Amino acid sequence: MHFDITYLRLLPEIEHTGIRTIVFEHASYLYPLLLRQNHVYFVEKLSIYKKISCLCCVGIKDFLFWSSLGITKICQLDNIIEKKDSIPCNLNSNTILFVGRLQQDKNIFFIIDNLKNLLLDHKDWKLVLVGAGNQESSIKKHIYDEKLQNKVFLAGYTDTPEDYYKDASIFVLASQNETFSYALYEAKTHGIPAVIPDMPFNALATQTKGHLSYTTASEFQAAVAMLMDKEELRKKLSKESLYTIKDAFTWDILKNKYIEVFNSILDNDTKIFEKYKNIESISTDKLNNIFLEIYTTLSSHLRDCYKTTNHTEKKYSKYALNFDTNYPIGSERRKFAIFLLYIV
């Protein structure tokens with residue numbers, strides 16, 4: 001476990017000062033195991049979540065899990081993504097792309113092993129793995145052992161993944177518990193046809209098009225093979241992806257839902273949480289921007305509180321302030337993030 005609970009322990013005290021605290025939770029797939037073990041980390045976390053102003057779950061699965069444990073001040077809000085200009089990919093590059101952490105939950109070995117024969121049969125195709133992680137050396141050895149050095153390439157970590165998205169013909173994903181998957185979002189903004197696990201609780205999988213889903217290894221192989229062999233199918237899925245992702249998950253689309261939740265927290269109105277029991281979309285005419293002065297007001301306070309932490313990433317927008325002590329800037333994507341909003 002690498003989740004840092006240092007910040008969470010401060011939340012009840014911050015609440016008492018009049019600052020409303022909101023935690024954005026995602027990727028709860030490990031928690032059922034901790035619950036069965038009555039793990040001290042999980043027990044403490046659950047206790048803290050019952051004392052904050054609101055627990056916002058990015059995924060529906062997370063919402064259902066925490067609701068079942070007695071969290072009443074809880075809602076489900078999709079990720080807000082800064083709108084990007086779509087840059088179409090090269091559908092004829094004959095490149096299969098993976099972007100993400102090279103670690104166990106991403107199932108990189110599944111991807112390599114199930115694409116091996118396809119790559120060997122299609123001489124002009126290759127697999128590119130972009131990212132870094134604790135399995136990098138073992139993956140490198142596996143590629144060597146399978147004699148795939150000329151077919152599977154480790155690109156390492158990059159600050160400019162768009163260079164790889166632009167030159168990809170197929171995007172693959174193998175992790176079963178993605179709450180959102182920003183890599184998949186980026187792939188879709190480039191119109192890359194994707195092959196992804198069947199993820200009924202993933203908003204990207206259910207609210208956009210342009211991908212093929214699978215539940216078994218054979219289905220994964222069949223989907224990738226079909227895309228490799230059928231250029232017209234790649235073009236069709238690419239168009240669907242670009243069209244359906246264009247305005248999805250932007251602030252303009254989601255702002256009413258967010259504003260209603262945060263205004264209700266300001267007014268101590270718990271009725272808002274009753275509406276979320278059915279996971280329904282909520283619209284409102286309230287357009288008050290309650291996110292002003294978040295960074296300048298809150299960051300100095302938190303820096304004073306967190307002087308003992310190893311690192312604080314100050315990556316913020318006018319909507320939220322994000323602190324992440326798990327990874328240094330520019331390395332692996334966050335596994336756990338806390339959003340603290342000071343409502344003025």
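In the block above lies the structure referred to throughout.
Rules behind the numbers
- The written sequence of each chain sets the order in which its residues are numbered from 1.
- Owing to the predicted nature of the model, reporting of local features is limited to residues with pLDDT of at least 70; listing and counting of side-chain atom pairs is limited to 80 or more, with chain, interface and lining totals taken over all residues.
- Side-chain descriptors were evaluated using all non-hydrogen atoms of the structure, hydrogens and water having been removed beforehand.
- Only DSSP runs of H or I reaching four residues or more are called helices, and only runs of E reaching two or more are called strands; each is numbered from the N terminus.
- Here the term buried applies to any residue with accessible area under 20% of the maximum for its type, exposed to any over 50%, and partly exposed to those in between, with areas from a 1.4 Å probe on protein chains only.
- Working rule for contacts: check all heavy atoms of both residues, and any pair within 4.5 Å makes them a contact.
- Using the Shrake-Rupley algorithm and a 1.4 Å probe, accessible areas are obtained, with residue cover drawn only from the displayed protein chains.
- Between any two strands, at least two bridges found by DSSP are needed for them to pair.
- Note on geometry: axes are lines fitted to C-alpha atoms, helical ones only across the stretch in contact, with angles between N-to-C directions running from 0 to 180 degrees.
- In these notes the angle categories are as follows: under 35 degrees is roughly parallel, over 145 is roughly antiparallel, 65 to 115 is roughly perpendicular, and the rest is oblique.
- By convention the crossing between two helices is left-handed if the near helix lies anticlockwise of the far one by an angle smaller than a right angle, and right-handed if it lies clockwise.
- Put simply, Ala, Val, Leu, Ile, Met, Phe, Trp, Tyr, Cys and Pro go in the nonpolar bin, Asp, Glu, Lys and Arg in the charged bin, and everything else, Gly too, in the polar bin.
- One fewer than the residue count of a helix, multiplied by 1.5 Å, yields its expected span.
- Picture the helix axis, draw a direction to every C-beta atom, and the arc is the one those directions span.
- Here a polar contact is taken to be a pair of N or O atoms separated by no more than 3.5 Å, where protein atoms must pair a possible hydrogen donor with a possible acceptor and residues adjacent in sequence count only if both atoms sit in side chains.

## Things to note about the overall build of the protein
- Check the secondary structure of the protein and you find 14 helices and 12 strands.
- Counting all 344 residues of the protein, 52% fall into the buried class.
- At a minimum sequence separation of 6, the contacts of the protein that also span at least 24 residues come to 68%.
- As displayed, the protein offers around 16,600 Å² of accessible surface, 50% of which is attributable to carbon and sulfur atoms.

## A word on the sheet that holds strand β2 (residues 54–57)
- Reading across from one edge, β1-β2-β3 is the order of the three strands in this open sheet, with parallel pairing throughout. Edge strands, defined here as strands with exactly one partner in the open sheet, are β1 (22–25) and β3 (74–76). Strand-to-strand twist across the sheet, computed as the mean angle between neighbouring axes with direction ignored, equals 25°.
- Of the strand pairs in this sheet, β2 and β3 are connected by three bridges, and their pairing is parallel. Bridge assignment links L55 to a residue of β3, and that residue is I74.

## Remarks on the sheet that holds strand β8 (residues 194–197)
- Strand order in the open sheet formed by six strands is β6-β5-β4-β7-β8-β9, with parallel pairing between adjacent strands. Unpaired on one side and paired on the other, β6 (152–156) and β9 (211–214) mark the two borders of the sheet. For this sheet, the mean angle separating the axes of adjacent strands, direction not counted, is 25°.
- Bridging between strand β4 (residues 95–99) and strand β5 (residues 126–130) involves five bridges; their strand directions are parallel. Bridge pairing in β5 links L97 to V128.
- Contacting β4, β5, β6, β7 (170–172) and β9, helix α5 (residues 108–121) crosses the sheet at an angle of about 165° to β5.

## Examining the packing of helix α1 (residues 6–16) against helix α3 (residues 40–49)
- At a minimum axis separation of 9 Å, α1 and α3 run at an interaxial angle of 30°. Classified by the interaxial angle, the pair formed by α1 and α3 is roughly parallel. As for the relative orientation of α1 and α3, their crossing is left-handed in sense. Between α1 and α3, the residues in contact are L8, R9, L11 and P12 and E44, K45, I48 and Y49, respectively.
- A breakdown of the residues in the contact of α1 with α3 according to their chemical character gives five nonpolar, no polar and three charged.

## Quick word on α5
- The first and last C-alpha atoms of α5 sit 20 Å apart over 14 residues, in line with the 20 Å expected at 1.5 Å per residue.
- Regarding α5, the residues found buried are I108, I111, I112, N114, L115, L118 and L119.
- Considering only its buried residues, α5 is in contact with β4, β5, α6 (136–145), β6, β7 and α10 (217–229).

## Quick word on the packing of helix α8 (residues 182–189) against helix α11 (residues 231–245)
- It is at 8 Å that the axes of α8 and α11 come closest, and there the two elements cross at 110°. Taken as axis vectors, α8 and α11 run roughly perpendicular relative to one another. Taking contact as the criterion, the partners of Y185, K188 and T189 in α8 are, on α11, S241, L242 and I245.

## Thoughts on helix α4 (residues 60–67)
- Among the residues of α4, D62, F63, F65 and W66 are the ones counted as buried. In an axial view of α4, the angular spread of the buried residues amounts to 165°, which keeps them on one side of the axis.

## A closer look at the pairing of β1
- Of the two faces of β1, the one holding I22 and F24 and the one holding V23 and E25 are both buried throughout.
- With four bridges joining them, β1 and β2 adopt parallel strand pairing. In the sheet register, E25 faces β2, and the bridge partner there is C57.

## Section: unusual backbone geometry
- Located in the positive-phi region is N94, a residue other than glycine, with phi close to 60°.
- Mapped onto the fold, N94 is located in the loop between β3 and β4.
- Here the phi dihedral of K147 falls at roughly 60°; this positive angle occurs in a residue that is not glycine.
- Note on placement: K147 falls in the loop between α6 and β6.

## Describing the side chain of E25
- Inspection of the secondary structure assignment puts E25 in strand β1.
- The class for E25 is buried, based on a relative accessible area of 0%.
- Of the polar contacts made by the side chain of E25, one reaches the side chain of Y49; its length is 2.6 Å.

Shape descriptors only; they carry no functional weight alone.
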